[in-house]
Every structure is written in structure tokens, then in C-alpha cells.
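# Remarks on the overall topology
Each chain is listed here by its residues.
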Amino acid sequence: GNGGSGGGSGARPPSPSRADAERCRPFMASSAQALSPQLIRELRFMAKPAPTVAAVLEATGILVGIPDAHLGVNRRRLLQDGLAERLAAFDPEAVTGLQVRRARKLVAGPAFEDEIIRGKNPAVAPLAVWCRAACGIAPTTAPTWPGADSACGSLGALSGAGQATASA
């Protein structure tokens with residue numbers, strides 16, 4: 001490899017490295033599989049999403065090229081049939097550095113904490129994991145939606161590799 005042992009003091013590159021993308025690909029795939037038509041419908045028809053849900057939808061929209069995905073019309077556009085397939089086919093190398101930076105800013109925020117997401121709306125949990133993985137950030141714990149264990153297998157052991165933890 002080339003220079004894979006960064007000290008963590010510098011800024012992360014705007015796009016996930018190939019190694020990060022490969023490590024995160026299984027999490028992206030299992031997250032996309034977990035998005036049943038029922039979950040997508042539930043998110044699509046929310047009258048006013050909680051800020052946590054809006055942040056996850058916004059990050060997803062940024063990454064797939066639908067801006068302001070927390071707003072009604074664009075949320076419906078994002079959450080149309082075929083979303084799971086679009087997420088499964090997502091190519092991290094096709095995303096601009098600006099998109100990744102904007103999505104990472106949301107992903108790094110408090111809205112993306114697992115406990116908050118599960119408490120507000122469990123339907124967005126797979127999307128949140130997908131967003132993190134699409135940004136090159138593997139989950140720190142095994143995903144917790146139904147069927148996630150079988151989909152992710154023993155990937156939890158790999159997730160902490162090379163990831164700095166933010167401590168406030």
C-alpha cells in the first residue's frame with residue numbers, strides 16, 4: 001500500500017480511499033438489503049420527519065445526487081421504488097469530494113448516533129449505516145436491524161480498523 005498509516009492529525013481525504021470503500025462495501029450491501037418496501041414507504045409518507053430522520057435523509061440524498069432530500073418533494077423522489085437497488089449499486093468513486101464532505105459533516109453530527117436513531121425511527125437505521133459506509137466509515141458496532149447479523153456476519157471485528165474516534 002501507499003502511506004496507509006496516517007497519524008490522524010491531518011484532515012481525512014475528501015473521498016473514501018479504495019481500502020475504506022472495500023471495507024465498507026459489505027455494510028452498504030447489507031444496509032441496502034434491509035430497506036424493505038415497507039420501511040421506505042414509512043419514511044416516504046412521514047408528515048414532518050424528526051431532525052434525526054431529516055439528517056439521515058439529507059445525507060443519503062447528498063450521496064445519491066438528490067439535494068434537500070429532507071424536504072417533501074425531494075424526500076419522495078429519494079424514497080421511490082428502487083431505492084434499495086440504487087443504494088446497492090452505489091459507486092463511491094462516482095461521488096464528488098464536495099458531496100462526501102457535506103455528507104460526512106452530517107454523518108459526524110449527533111443525529112447519527114445509533115441510540116438516537118433507534119429511538120426516533122428504527123426505519124432510518126439501515127440508511128444511517130449505509131451513509132456512514134458510503135463515506136468510508138465502517139460501523140463501530142454490528143448493525144442492529146432484523147437480519148443484520150446474518151447479512152453482516154463477523155464484520156464487526158473489522159469495523160474499528162484505522163478509524164479515529166472522536167472524543168469530546
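Right above here is the structure, for reference.
What comes next concerns the included structure. Small disclaimer: the values here were computed from a predicted structure and weren't measured.

One way to put it is that helix α3 (residues 51–64) packs onto helix α6 (residues 97–107) with a least axis distance of 9 Å and a crossing angle of 165°. Taken together, the axes of α3 and α6 are roughly antiparallel relative to one another. Handedness of the α3/α6 crossing: left-handed. Residues A55, E58, A59, I62 and L63 of α3 form the contact with α6, whose participating residues are Q99, R102, A103 and L106. Looking at the contact of α3 with α6 residue by residue, the class counts come to 6 nonpolar, 1 polar and 2 charged.

What follows covers the packing of α3 against helix α8 (residues 125–134). A pair of packed helices is characterised by two quantities: the angle between their axes and the separation of those axes. The N-to-C vectors of α3 and α8 enclose an angle of 45°; their axes lie 9 Å apart at closest approach. Between α3 and α8, the crossing angle belongs to the class labelled oblique. Between α3 and α8 lies a crossing whose hand is left-handed. Here V56, L57, A59, T60, L63 and V64 of α3 lie close against α8, whose contacting residues are L127, A128, W130, C131 and A134. Tallied by class, residues from the contact of α3 with α8 come to 10 nonpolar, 1 polar and no charged.

Conventions we followed
- Residues numbered from 1 in each chain as written.
- Predicted model: local features only at pLDDT ≥ 70, side-chain atom pairs only at ≥ 80, totals over all residues.
- Heavy atoms only, no water.
- Axes fitted to C-alpha atoms, helices over the stretch in contact; angles between N-to-C directions.
- Helix = DSSP H or I, 4+ residues; strand = E, 2+ residues; numbered from the N terminus.
- Parallel < 35°, antiparallel > 145°, perpendicular 65-115°, else oblique.
- Left-handed = near helix turned anticlockwise from the far one by under 90°.
- Contact = heavy atoms within 4.5 Å.
- Nonpolar A, V, L, I, M, F, W, Y, C, P; charged D, E, K, R; others polar.

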